[in-house]
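# Structural overview
Chain residues, written in single-letter form:
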Amino acid sequence: MQERQLEMLKSLLYSSTPRSTEALMAQWAVSERTIKYDLSQLREALKEHGVKLLNKKGIGYYFSPDDKPKLIAAYSFSDLENTEEETRRDDCSFFFYK
């Protein structure tokens, strides 16, 4: 996995709301095609951990709150461990995007 893809993974994990393709393009100053490629690479890498990168057309990309701890453990993102309050906020936000 490329560094940008790992950073994208972190960005999606940190986010309490879905991230649109446009927001990801702006964050990394790359084309839509590059973002779509990176997301497809992420999806492939996440399969081995039983985690799905979800997306809602017109809304954006996100992870289920249930999958976030799996990703943190799998990739040793100790800097991503949420406080209890952040986790509750993520849980609430997730329901609005199902």
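Residues numbered from 1 in each chain as written. Predicted model: local features only at pLDDT ≥ 70, side-chain atom pairs only at ≥ 80, totals over all residues. Heavy atoms only, no water.

## Observations concerning the overall build of the protein
This is how it is decided: Numbered from the N terminus, helices here are DSSP runs of H or I no shorter than four residues, and strands are runs of E no shorter than two. Remark: exposure states derive from per-residue accessible area (1.4 Å probe, protein chains only) relative to the maximum for the residue type, with buried under 20%, exposed over 50%, and partly exposed in between. Contact criterion: two residues are considered in contact whenever any of their non-hydrogen atoms come within 4.5 Å of each other.
The helix and strand tally for the protein stands at five helices and two strands. Ordered by position from N to C terminus, the α and β elements of the protein give α-α-α-β-β-α-α. Taken over 98 residues, the protein has a buried fraction of 37%. Residue pairs at least 24 apart in sequence account for 60% of intrachain contacts in the protein once pairs closer than 6 positions are excluded.

## Regarding the confidence of the model for the protein
Predicted coordinates in areas of low pLDDT are best not read in detail. What counts is decided by this rule: For every residue, the predictor assigns a confidence score, pLDDT, that lies between 0 and 100.
Confidence in the prediction for the protein averages 82 pLDDT; 78% of positions are at 70 or higher. Here residues 79–98 is a poorly scored stretch, pLDDT under 50, and it has 28 contacts once near neighbours within four places are set aside; other chains count.

## Examining helix α2 (residues 21–28)
Our working definition: To obtain the arc, one takes the directions from the helix axis to the C-beta atoms.
Inspection of α2 places T21, L24 and W28 among the buried residues, and these make up the whole buried set. The arc enclosing the buried residues of α2, seen along the axis, measures out at 65 degrees, which places them on a common side. Exposed positions of α2 whose direction lies more than 90 degrees from the buried face are E22 and A26. Along its buried surface, α2 packs onto α1 (3–14), α3 (32–47) and β2 (60–62).

## Some details on the pattern of salt bridges
Rule in force here: Each reported salt bridge corresponds to a side-chain nitrogen of Lys or Arg within 4 Å of a carboxyl oxygen of Asp or Glu.
Applying the stated criterion across every chain yields a total of four salt bridges. As a salt-bridge pair, R4 and D38 come within 2.5 Å of each other at their nearest N and O atoms. Of the two residues, R4 sits in helix α1 while D38 sits in helix α3, which places them 34 residues apart along the sequence. Given the relative accessible area of 25%, R4 is considered partly exposed. By relative accessible area, D38 is classed as buried at 0%. The residue K47 makes a salt bridge to E44 at a minimum N-O spacing of 3.0 Å.

## Comments concerning the packing of α1 against α3
Helices that pack against each other are described as a pair by the angle of their axes relative to one another and the distance between those axes. Rule in force here: Whenever a helix is involved, its axis is fitted only over the stretch in contact; in every case the axis is a line through C-alpha atoms, and angles between N-to-C directions fall within 0 to 180 degrees. Put simply, angles under 35 degrees are roughly parallel, angles over 145 are roughly antiparallel, angles from 65 to 115 are roughly perpendicular, and the rest are oblique. Amino acids outside the nonpolar list (Ala, Val, Leu, Ile, Met, Phe, Trp, Tyr, Cys, Pro) and the charged list (Asp, Glu, Lys, Arg) are all regarded as polar, and Gly is one of them.
Taken N-terminus to C-terminus, the directions of α1 and α3 make an angle of 80 degrees; their axes are 10 Å apart at the nearest point. Judged on the interaxial angle alone, α3 and α1 are roughly perpendicular. For the pair α1 and α3, the contacting residues are R4, Q5, M8, L9 and L12 in the first and T34, I35, Y37, D38, L39, Q41, L42 and L46 in the second. Grouping the constituent residues of the contact of α1 with α3 by class yields eight nonpolar, three polar and two charged.

## Some points on the packing of α2 against α3
Where α2 contacts α3, the two axes come as close as 9 Å, and the packing angle between them is 105 degrees. What the angle tells us is that α2 and α3 run roughly perpendicular. Taking contact as the criterion, the partners of T21, L24 and M25 in α2 are, on α3, E32, I35, K36 and L39. Partitioning the contact of α2 with α3 into residue classes produces four nonpolar, one polar and two charged.

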